[in-house]
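Observations on the model geometry
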Amino acid sequence: MLIRTFARIYPLLALTAVLIPAFRAVILEAQTQQGISDNYSGISVEPSQQVFATMCALDAAGFGQEASTLAEMPERLALRGDMLKMQGPATERLRSFYHEHALADPGETLARYMALALAVGPPPRFQFQMDRDSLPPDVLAIEGFQEVLADFYKESHLDTRWSRIAPEYEAALARYQEPVRRIVTVSNAYLRELLKPSQGRTFTVYVEPLVGNRTTFRNSGDHYAIVVGGGAQVPVDDIRHAYLHFKLDPLPLRARSVVETKSALLGIAARAPRLPVEYQSDFLAFTDECLIKAVELRLRRPAPRELEAALNDDDQSGFILVRTLVQQLQKFEKAEPAMSYYFPDLIAGIDVPSEQKRLKGVTFAAAAELPATSQTTASASGQGSELDRWLAEGDHEIALQDAPEAAAIFEKILGKYPNQPRALYGLAIASVLSGDAARAKDLFEKLISGSVESANREPGGTADTAILAWSHVYLGRMHDLLGDRDLAIGEYRAALTLDGAPESARVAAQRGIDVAYQAPARAKDNGGQGP
């Protein structure tokens, strides 16, 4: 889920005058004026009856929302009150299902249901629009809701209610049309890409005021969608970031052989505690995200001091390619080809030895939270503080990619605290780093077997959900490397069915289901260390 602050967008004419010849801007604007809501471009702003029905169901189940966002939609606000008062067998089944599957984080709960709403077809049946094996794991975690939703839709007569309140959505759609049009026009102008027939690729902005200030961005193959609400400010940053994914995601895959020549830099980036785990072992996704961040900076054109602060923050957070990609984009701006043709040259311009030398002077920022292997509870006897200290030392050696030293520390812990889950997990990661796949596999299987929790009674000895989820992810990757795709998918799905699994593990698991894991092309790999 993307949640960001509103950002200033420079006027189109001023930006295009700097970036590209004026005649290109005129062509782009003319094509965009054909309408972003037609099927020609594959880009649209529209309501979704599936999202509407899902939000009504969440209303009835008691999911808290921001009523202030419905101030200009009295019919929708009244409908929300009606949903809370709904009675009937389908409504009761709905409420039971919701409470059985609710997560501690309301944002994560909403993201699950929005993902399902984007995966099903129109009412009244709400059937999945893809094979079950292709469904995102977080949708599978609430599989069965589509039948519950269909029954609730019928019982609450949502078809009639939708017809009555649909006109109120027109104003909300109109409010988004111009900002989205500008995002598309400015982004395409910068990338020197014309709007073309969609050829099956779509980018849809679904407007549902009841989601408030939250936004949910998903893509399924060539279909990209972002659900936005009715907050006081249009989430321009979120929409632009999603649209740049739509435009740029295919490029690293097309130029994979060129991109992977720079993959040695991921070994440095992966040491940053703040780098999201989903990028630590996937250089293509990492490059893609860094490029999007770099393009966003060039579109914003911040003052030199602001630019340097942003680049420093990216470096310290592990997005170390952003700085060099900003430099390469300045060359792109003076060239002629569109980004889809220029991209291999952009990547070829990255000087790996120079970047390795530069990054020796970069100090990565500390993690916002302690790693999971260090989150233990001190006991009254003081054993917990000793355990915490040793676990932290082991984590530090993992971050430094020193597998032998990390293994020695975790083995010392296990000598005093047998079956300590976080030490077992750390030892498994050290085994991955050292290339001992057999030992790593045994340790991960031991962690998920349940025997660790029942046998271990030492301080901090409960195997938490993050460790279990990441153990499944690693086992899935090992099966992928052995060619056992069915077993791999089973492990990825197991990670996603764990209530409370961290977002980073869910992202890694979903990526594993979408594309079989491949070993990164570098000598040392922390494999996406997980927690």
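Look above for the structure.
All of the points below concern the structure found in this document. (Residues numbered from 1 in each chain as written. Predicted model: local features only at pLDDT ≥ 70, side-chain atom pairs only at ≥ 80, totals over all residues. Heavy atoms only, no water.)

**Some words on the pairing of strand β4 (residues 223-228)**
- Counting buried positions along β4 yields five of six residues, so the element is predominantly enclosed.
- Looking at chain direction, strand β2 (residues 202-207) and β4 are connected through six bridges and run parallel. Counterpart to V205 in the pairing with β4 is I226.
- Summarising the sheet, strand β3 (residues 216-220) and β4 pair through five bridges and their orientation is antiparallel. Across the sheet, the residue bridging to S220 is H223, located in β4.
- Hairpin remark: β3 followed by β4, antiparallel, with two residues in the connecting loop; positive phi at G221, about 65°. (Buried < 20%, exposed > 50% of the residue type's maximum accessible area, 1.4 Å probe, protein only. Helix = DSSP H or I, 4+ residues; strand = E, 2+ residues; numbered from the N terminus. Pairing = 2+ DSSP bridges.)

**Here's the deal with the packing of helix α25 (residues 465-481) against helix α26 (residues 485-496)**
- Running from N to C, α25 and α26 point in directions that differ by 165°, and their axes come no closer than 8 Å. Put simply, α25 runs roughly antiparallel to α26. In this structure, the crossing between α25 and α26 has a hand that is left-handed. Counting all contacts with α25, which are made through A469, H472, V473, L475, G476, R477, H479 and D480, the residues of α26 involved are R485, L487, A488, E491, Y492, A494 and A495.
- When its residues are assigned to classes, the contact of α25 with α26 shows eight nonpolar, three polar and four charged. (Axes fitted to C-alpha atoms, helices over the stretch in contact; angles between N-to-C directions. Parallel < 35°, antiparallel > 145°, perpendicular 65-115°, else oblique. Left-handed = near helix turned anticlockwise from the far one by under 90°. Contact = heavy atoms within 4.5 Å. Nonpolar A, V, L, I, M, F, W, Y, C, P; charged D, E, K, R; others polar.)

**Structural notes on the environment of E333**
- Tracing the sequence through the fold places E333 in helix α17 (residues 321-333).
- Spatially, the C-alpha atoms of E333 and Y190 are 7.8 Å apart, while their sequence positions differ by 143 residues.
- At 2.6 Å, the side chain of E333 and the side chain of Y190 are in polar contact.
- A distance of 3.4 Å separates a polar atom in the side chain of E333 from a polar atom in the side chain of R301. (Polar contact = N/O pair within 3.5 Å; in protein donor to acceptor, adjacent residues only side chain to side chain.)

**Notes on the packing of aromatic side chains**
- In the structure shown here, the tally under the stated rule is 21 aromatic pairs.
- Taking the centre distance of 5.9 Å and the plane angle of 65° together, the rings of Y279 and F319 count as edge-to-face. Remark: F319 occurs in the loop between α16 (304-317) and α17 and Y279 occurs in helix α14 (residues 277-280); sequence separation between them is 40 residues. Accessibility classification places Y279 together with F319 in one group, the buried group.
- A network of ring pairs unites the aromatic residues F63, F97, Y98, Y113 and F145 as a single cluster.
- When the ring centre of F332 is taken as origin, the NZ or CZ atom of R192, which lies over that ring, is 4.0 Å away.
- Positioned above the aromatic ring of F319, the side-chain terminus of K293 is 4.6 Å from the ring centre. (Phe/Tyr/Trp six-rings, centres within 6.5 Å; stacked < 30°, edge-to-face > 60°. Lys NZ or Arg CZ within 6 Å of the ring centre and 35° of its normal.)

**Quick notes on the sheet that holds strand β1 (residues 43-46)**
- Spatially, the four strands line up as an open sheet ordered β1-β2-β4-β3, and their pairing is mixed. This sheet does not close on itself; its edge strands, each paired only once, are β1 and β3. Taken over all neighbouring pairs, the strand axes of this sheet differ in orientation by 15° on average, direction set aside.
- Taken strand by strand, helix α9 (residues 158-191) contacts β1, β2 and β4, and its axis lies near 155° from that of β1.

**A look at the environment of V180**
- Topologically, V180 is positioned in helix α9.
- Looking at V180, the relative accessible area reads 1%, which means it is buried.
- Residues V180 and I239 lie 59 residues apart in sequence; the distance between their C-alpha atoms is 7.5 Å.

**What to know about helix α3 (residues 49-61)**
- When the terminal C-alpha atoms of α3 are compared, their 18 Å separation across 13 residues agrees well with the 18 Å that a helix rising 1.5 Å per residue should span.
- Across the 13 residues that make up α3, a large majority, twelve, are buried.
- Among the residues of α3, Q50, V51, F52, A53, T54, M55, C56, A57, L58, D59, A60 and A61 are the ones counted as buried.
- Where the residues of α3 are buried, they touch α4 (74-85), α5 (89-101), α6 (106-119), α8 (145-155), α9 and β4.
- Capping the start of α3 is the job of one residue whose side-chain oxygen sits 3.3 Å from the backbone nitrogen of Q50: S48.
- Taken from the residues just after α3, G62 is the one with a positive phi, measuring 95°. (Expected span 1.5 Å × (residues − 1).)

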